[in-house]
Amino acid sequence: MKSADSMNRAPLFLLYLNVLIIASCGLVYELLAGTLASYLLGDSVTQFSLVIGVYLSALGAGAWISRFVDQRLARCFIEVELAVALVGGLSAPVLFLAFSSVGAFRVVLYGIVFAIGALVGLELPLLMRLLKEHLDFEDLVSRVLAFDYLGALFASLLFPMFCVPRLGLVRTSLLCGLLNAAVGLWGTYLLRPLLSSRGLSGLRGRACLVIGLLIVGIIKADSLTTLAEERVLGEPVVHAESTPYQRIVLTQNARGFQLHLNGHLQFNSVDEHRYHEALVHPALSSVKSPRRVLVLGGGDGLAVREILRYPSVESITLVDLDPGMTSLADRFPPLAELSRSSLKERRVTIINEDAFLWVGRVARPESSKGVETDHSHALPEGSGRATQRDDATLFDSAIIDFPDPGTFSVGKLYSTRFYRMLRERLTGDAVISVQCTSPLVAPQSYWCIVKTLEAVGFRVRPYHAAVPSFGEWGFVLASPRPLPETLSLSSELRGPSRFLTDKILNSLFDLPLDLARVEAEVNRLNNQVLVHYYDQEWGSLK
Amino acid sequence: MGIAEVTLTRRELIAILLGSPALLTTGCSTVPHLPPAGELLGQSLEIGHRLRDGFRWPSPDTDQWQDVGVVIVGGGVAGLSAAWRLKQNGCEDFVILELESQPGGTSRSGRCELTPYPWGAHYLPVPLPHNRDLIRLLEEMGCVESLNPDGSPVIAEQFLCRDPDERVFVNGQWIEGLYPSLGASNDDFAQLAAFRQEIDRWTAWRDTAGRRAFSIPIRHSTDDAEVLELDKLSMAEWLRQHEWTSPRLHWLVDYSCRDDYGLTAEQTSAWAGVLYFAARLKEPGADHQPLMTWPHGNGRIIEYLASQADTRLKPGIAVTRINPSHENPNATLEVLAFDTASEQPIGFHAKSVIFAAPQFLAPRLIDGFAERTGRSADPFEYGSWLVANVHLRHRPRESSFPLSWDNVIHDSRSLGYVVATHQSGDDHGPTVLTWYHPLCDDDVKAARQQLLKAKWSDLADVVLTDLEHPHPEIRELVTRLDVFRWGHAMIRPRPGFITSRHRRDAAQPDGRIHFANTDLSGIALFEEAFDHGLRAADEVLVAQNSRPSSLIPCR
Ligand SMILES: Cc1cc2nc3c(=O)[nH]c(=O)nc-3n(C[C@H](O)[C@H](O)[C@H](O)COP(=O)(O)OP(=O)(O)OC[C@H]3O[C@@H](n4cnc5c(N)ncnc54)[C@H](O)[C@@H]3O)c2cc1C
């Protein structure tokens, strides 16, 4: 065969380089898919073994298919190479995008893994058959396999050390695709003697098109929000989902796991006990034998876990907007363990609704002068006192654990209107506590919440606790009645505390000088000053 | 009927209502993606046309007559307010005859399972202390927490528009507030400041009797010539006189005129234009009075007033003729009406009539009106409005400033939309957007005819084409889209009308027929309709020798 003879040794060496690149990229795609699957679906052991299994079997399938190719080997090799470039290169961005429609995600994931595996599996036998004219069989097998394994080693080192930290998943995938496409284009020159000139320019055109597409992808990669997530959170993601209300992401490191809502840390399992003991016990221990407790927000069940330590508590009503949040423990067992499955307790009733609407609906006030019209569709009107009602419908305590007031739809949950409606739901002796962001980072926001509670007639006692994952954190204790000077943990409290003693409890109310009160306006629905304060104070940190 | 013809109408409509840019973007799509459901609504045209064409209604049978002290014609803000005043003064012998099946006129509201929503008026600025009657109404409705020493009301916060109240879509993103401040130059800001300063000057202005230059209700404003001069020129001319050329300022003022009066700045009397800004400031340098709103818009006030009138409010009764008996001033007036449900003519013998239907109907309904009073309704010009309620399965995606109560689209002839669920604090899931579009054409008749001829599908497409600009995915989200065509929506304060004799004389009673509607002020505002309602009721009380609680002198 004249054309084959004209291939000298130099291109042969280059062909080995091709093997190296193909093998590295193939492995990178596999690692990418595995990482992404555990990133997005959680449970990395299962995800990785499934991805590896599918990939290896696909390699076999590809190799088997290769026997049906018996003509125009070189051309077929290049076409396959371009296909790997396209499918592999776009795999990470496509998987990220597919994730928002969760239902189809697994199908897309394993489909892509299988396609890449099959294409890579097809490549090596084709290459070996191309080279078999020039080498004897033993030589051929040993060299190709050596380069193949070398490539794998290369990729497995590069991937965790360079690709993920420096490039991120999406760019890594696109860059590998680019490499594959470049090999394809290069092959059209390298294997020129084996290619017929018919359709050659078309082949090169296609290669250039794939290269162009991937370059555009690299330029656009930044706009993928998920990419940002990966960079911002910094820790490996073990569970992530998007609900109609928010994006829930759980990350894990050697010491524990963390919950992020829309990119904001909600707790770290390492020190959440400090936060939740400080949130719950000052309020509940100030009420004599609390029976009915209201929890607003707190869908992770950790505050409820603390409340359940009071044997006098007969019922807990938890109002959290997002069913995805209150059922998270079902899909992420470590959370169930951490919260001791508190939300499954018989005494707990879960209501998935915007707390503003819920509190407003049940706190329908007596309309003293105005006519009574149908309020079910509107904001509860009138500013009258609460109707005489059955005491059983009132709460002895409320634990308010909303996200920080970073948006207007959360800011309303810290307004005079909200606190007024809430007050109608409380007994006269009730004591409540409110989480209110960091008084150190956001003093105006913190004192704005305190002042807003005061404005509706609550007696308040501001306090703070150090939660290492958050820093210095702020809370307020509030009650329609004057609050005692000294507090002590309830004698009924069951189970060991990990943070609070009577002494520590009282020390929380000693505010250091740098947490001293600052001027702030009252947060009302029609000014939402709190959201503006919060934006300024936390925004300036960014 | 060819497809091509339909397409052309739709495209023409889009071009006419939204301006040509939208035509270019949608020109190539032949079949628009329309909402799955919706209705075309409007004022009862059939009765209106018969009234216009001088149709002779059959007389009521003798047993279809009733005697009543006062007949109030029209159950809009003015008519219902008159009734409220009568009842407060112990006069319970009245009926309100309302043509439509639902009261409220241009302040009415609709309702779906999720929320009520407005069909017209949607806000009321917190009244200044001098507007004591309105403050009293709001107190009765349970909206007032207390009164400040100066008499100004402290409104319960749930009735004040919840923050964020407004945003504007400009250059592809939403920004907070109404003024398109992004990219404004120093000169733009300087002109805005100068404009505000001039408004402040008018806010501070007092005549020798201590009256403000601009006050609402306008009855309290000065009649000093220096101020009335402003009615001679247009708002745009007034801006130019001050050498304010900033396009952003012009846009802000033009938007405000379209929003309040359905006219462009070029068409609006400068008197009315300045009133909009200066009458809602308590004192120079103060913020614009906060706005009160409800999910149903001002429909909530209608609900309250209608509940007070109770069964004396008769919806579905169209007044067809009012016969004063000139010979005998003590004889009763004859009010002929048509019960649209039973399709029977009915009649009332009344001691007084409060005419609270739109003013252009006075010569058509009142026998001998023109001859007796020498007045004509022709100078009363009305603009048309298109209002749509767009029901969404969930809210559109947002990337810049978040969804607010009022959402204005800068580069559109529409006014944008308000969000019905905003005030109830409902920030997630389905909602209803109320979209507004005033037809600012000079040729009111042609514009009205065009509007009334248009089909639902064409109008729905106009609405969605406009909303697609800020919300490209909107068509996928819509579950229902209802369109309301207001043929006679708003009186137009064009230059010269406010100070014209026709307007100033129009509130004078015609014998025992008293007039009450917002048209008499030359501007369409809740406060004006309310004020005229009370005044007309007081005139009736005086005429019937019972003392009104607080007499408003009639100028
Ligand atoms: C789209 C739109 C938005 C607006 N927004 C605002 C706003 O935000 N704030 C504000 O203050 N104002 C607003 N306005 C103006 C406000 O609606 C009016 O000023 C006010 O409602 C007028 O009340 P009225 O009683 O004078 O007249 P109308 O509302 O016109 O009431 C007249 C009534 O008479 C009835 N009627 C007519 N003919 C007959 C007959 N023959 N027999 C019996 N009844 C008859 C009609 O059906 C109607 O109910 C808006 C108006 C429109 C059109």
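Residues numbered from 1 in each chain as written. Chains lettered and ligands numbered in written order. Predicted model: local features only at pLDDT ≥ 70, side-chain atom pairs only at ≥ 80, totals over all residues. Heavy atoms only, no water.

Asker: Explain the overall build of chain A to me, please; I cannot follow it from the model alone.
Answerer: From N to C terminus, chain A includes 20 helices and 11 strands. Counting across all 542 residues of chain A, residues that qualify as buried make up 56%. Intrachain contacts of chain A at a sequence separation of at least 6 include 72% that bridge at least 24 residues. Of the accessible surface of chain A, which amounts to about 23,400 Å², a share of 59% is contributed by carbon and sulfur atoms. (Helix = DSSP H or I, 4+ residues; strand = E, 2+ residues; numbered from the N terminus. Buried < 20%, exposed > 50% of the residue type's maximum accessible area, 1.4 Å probe, protein only. Contact = heavy atoms within 4.5 Å. Areas by Shrake-Rupley, 256 points an atom, 1.4 Å probe, with all protein chains shown as cover.)

Asker: Would you take a moment to explain the site of the ligand for this structure?
Answerer: Residue and element names in this part refer to chain B. The ligand sits among 37 residues. The nearest are Glu98, Thr106, Ser107, Thr518 and Phe526. A distance of 3.1 Å is found between an oxygen atom of the ligand and a backbone nitrogen or oxygen belonging to valine 77. The separation between a nitrogen atom of the ligand and a polar main-chain atom of valine 319 is 3.0 Å. Burial of the ligand by the protein amounts to 94% of the accessible area it has alone, namely 1,000 Å². Every element with two or more residues in the shell around the ligand is listed here: helix H4 (77-88), strand E3 (94-98), strand E13 (317-323), strand E16 (382-392), strand E20 (478-491) and helix H18 (526-543). Considering every element that reaches the shell around the ligand, the biggest residue donor is E13, with 3 residues. Residues of the shell around the ligand, tallied by class, amount to 24 nonpolar, 11 polar and 2 charged. When residues of the shell around the ligand are assigned to domains, at least three map to each of domain 1 (3-31 + 382-491) and domain 2 (47-103 + 313-379 + 497-543). (Near = heavy atom within 4 Å. Polar contact = N/O pair within 3.5 Å; in protein donor to acceptor, adjacent residues only side chain to side chain. Nonpolar A, V, L, I, M, F, W, Y, C, P; charged D, E, K, R; others polar. Domains from an automatic or database assignment.)

Asker: I'm lost on the side chain of aspartate 482 of chain B in this one. Help?
Answerer: Residues and elements named next belong to chain B. Structurally, the position occupied by aspartate 482 is in strand E20. Residue aspartate 482 is classed as buried on the basis of its relative accessible area, which comes to 4%. In terms of polar contacts, aspartate 482 uses its side chain to reach the side chain of arginine 480, at 3.0 Å. Those residues within four positions of aspartate 482 in sequence are excluded, and the remaining contacts are Gly38, Glu39, Leu41, Tyr117, Trp119, Val387, Ala388, Asn389 and His391.

Asker: Would you take a moment to explain unusual backbone geometry for this structure?
Answerer: Excluding glycine, residues mostly carry a negative phi; peptide bonds, for their part, are mostly trans. Following aspartate 163 of chain B, the chain continues into proline 164 of chain B via a peptide bond in cis, with omega recorded as 0°. Here proline 164 of chain B is to be found in the loop between strand E8 (153-155) and strand E9 (166-170). Of note, the phi angle at serine 289 of chain A is positive, near 45°, even though the residue is not glycine. In this structure, serine 289 of chain A sits in the loop between helix H10 (272-284) and strand E5 (292-297).

Asker: Explanation requested: the pattern of salt bridges in the structure shown.
Answerer: In a structure, side chains of opposite charge can pair up when their charged atoms sit close to one another. Residues and elements named next belong to chain A. Counting across every chain of the model gives 47 salt bridges over all chains. Here arginine 309 makes a salt bridge to glutamate 306, at a shortest N to O gap of 2.8 Å. What makes arginine 309 buried here is its relative accessible area of 8%. The buried category is assigned to glutamate 306, whose relative accessible area is 4%. Lysine 344 is paired through a salt bridge with aspartate 330; the nearest N and O atoms lie 2.9 Å apart. (Salt bridge = Lys/Arg side-chain N within 4 Å of Asp/Glu carboxyl O.)

Asker: Just checking my understanding: could you explain the packing of aromatic side chains for this structure?
Answerer: A ring pair, where both rings are aromatic, is described by two values, the distance of the centres and the angle of the planes. Residue and element names in this part refer to chain A. Summed over all chains, the structure comprises 42 aromatic pairs over all chains. Pairing tyrosine 275 with phenylalanine 475 gives two aromatic rings, centres 5.5 Å apart and planes at 50°, and the pair type is tilted. In this pair, tyrosine 275 is assigned in helix H10 and phenylalanine 475 in strand E11 (residues 471-479), connecting sequence segments 200 residues apart. The exposure class of tyrosine 275 is buried, given its relative accessible area of 4%. Judged by its relative accessible area of 0%, phenylalanine 475 falls in the buried class. (Phe/Tyr/Trp six-rings, centres within 6.5 Å; stacked < 30°, edge-to-face > 60°.)

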